[in-house]
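# Structure assessment
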Amino acid sequence: MSFKIAVFVCLILMGLVACITYYLGKKVSNSLMKYIPVFSFAIGVLFFYIKLNFISYKPNSFDGIYDMIAIIILIIVCSIAFLEAVIIDIVENRKLFKRSNMAVRKAIKLIDVKKVFKIKMPGGIVKKIRGYIGMIR
């Protein structure tokens, strides 16, 4: 298989995966749409890796070298797309992370579990716990 045909097939596969991921993102979860480039480039890497290992080449041809270069470029772009998706996810959920961080800080500072988790304990258990705490102090 020549390199031009391989690039064409790879682009078709990447476009197909992008369309499927877009469809799933619309129907299932909108947060999946951030990862469309990641999935597409990962399929491109997988295609060229399979082509490199399982399809034989003509002697003295540069197709194997071209495949390795394509794999390296696709891995770099895929990792950049993944970092971008993770950064966008963190920025969108910054308030959620801040709230959970504050809850952990309060849990560390507070002695009374009831204030953090708002658990209503039966009165007898609370009296026993207060009695044990009073005995310790």
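This structure is a prediction, so every number in the text was calculated from the model and none was measured.

### Points about the packing of aromatic side chains
Counting across every chain of the model gives 1 aromatic pair. Look at Phe47 and Phe48: their rings are 5.4 Å apart centre to centre, the planes differ by 70°, and that puts the pair in the edge-to-face class. The class for Phe47 is buried, based on a relative accessible area of 15%.

### Description of helix H1 (residues 3-27)
Helical geometry: 3.6 residues make up each α-helical turn, so side chains three or four residues apart lie on a common side. For H1, with 25 residues, the first-to-last C-alpha span of 36 Å sits near the 36 Å given by 1.5 Å per residue. Contacts from the buried residues of H1 go to helix H2 (36-54) and helix H3 (63-92).

### Regarding the packing of H2 against H3
Their axes nearest at 9 Å, the elements H2 and H3 cross at an angle of 160°. In terms of axis orientation, H2 runs roughly antiparallel to H3. Taken as a pair, H2 and H3 cross one another with a handedness that is left-handed. Of the residues in H3, those in contact with Pro37, Val38, Phe41, Ala42, Gly44, Val45, Phe48, Tyr49, Lys51 and Leu52 of H2 are Gly64, Asp67, Met68, Ala70, Ile71, Leu74, Ile75, Val77, Cys78, Ala81 and Phe82. Considered class by class, the residues forming the contact of H2 with H3 number 17 nonpolar, 2 polar and 2 charged.

### Brief notes about the nonpolar core
Membership of the largest hydrophobic core is limited to 9 residues, which are Ala6, Cys10, Met14, Val45, Phe47, Phe48, Ala70, Ile71 and Leu74. Looking at this core, the elements with two or more residues in it are H1, H2 and H3. Excluding its chain neighbours within four sequence positions, the residues that come into contact with Phe48 are Phe3, Ala6, Val7, Cys10, Asp67, Ala70, Ile71 and Leu74.

### Thoughts on the environment of Ile50
You can see Ile50 is positioned in helix H2. The spacing of Ile50 and Asp67 is 17 residues in sequence and 10.0 Å in space, taken between C-alpha atoms.

### Description of the side chain of Thr21
Note on placement: Thr21 falls in helix H1. Look at Thr21 and you get buried, because its relative accessible area is 6%. Looking at Thr21, its side chain comes within polar contact range of the main-chain oxygen of Val17, at 2.7 Å. Non-local contacts of Thr21, meaning those with residues more than four positions away in its chain, are made with Leu32, Ile36 and Phe39.

Cut-off values and rules
- Residues numbered from 1 in each chain as written.
- Predicted model: local features only at pLDDT ≥ 70, side-chain atom pairs only at ≥ 80, totals over all residues.
- Heavy atoms only, no water.
- Phe/Tyr/Trp six-rings, centres within 6.5 Å; stacked < 30°, edge-to-face > 60°.
- Buried < 20%, exposed > 50% of the residue type's maximum accessible area, 1.4 Å probe, protein only.
- Helix = DSSP H or I, 4+ residues; strand = E, 2+ residues; numbered from the N terminus.
- Expected span 1.5 Å × (residues − 1).
- Contact = heavy atoms within 4.5 Å.
- Axes fitted to C-alpha atoms, helices over the stretch in contact; angles between N-to-C directions.
- Parallel < 35°, antiparallel > 145°, perpendicular 65-115°, else oblique.
- Left-handed = near helix turned anticlockwise from the far one by under 90°.
- Nonpolar A, V, L, I, M, F, W, Y, C, P; charged D, E, K, R; others polar.
- Core = buried A, V, L, I, M, F, W, Y, C linked by side-chain atoms within 4.5 Å.
- Polar contact = N/O pair within 3.5 Å; in protein donor to acceptor, adjacent residues only side chain to side chain.

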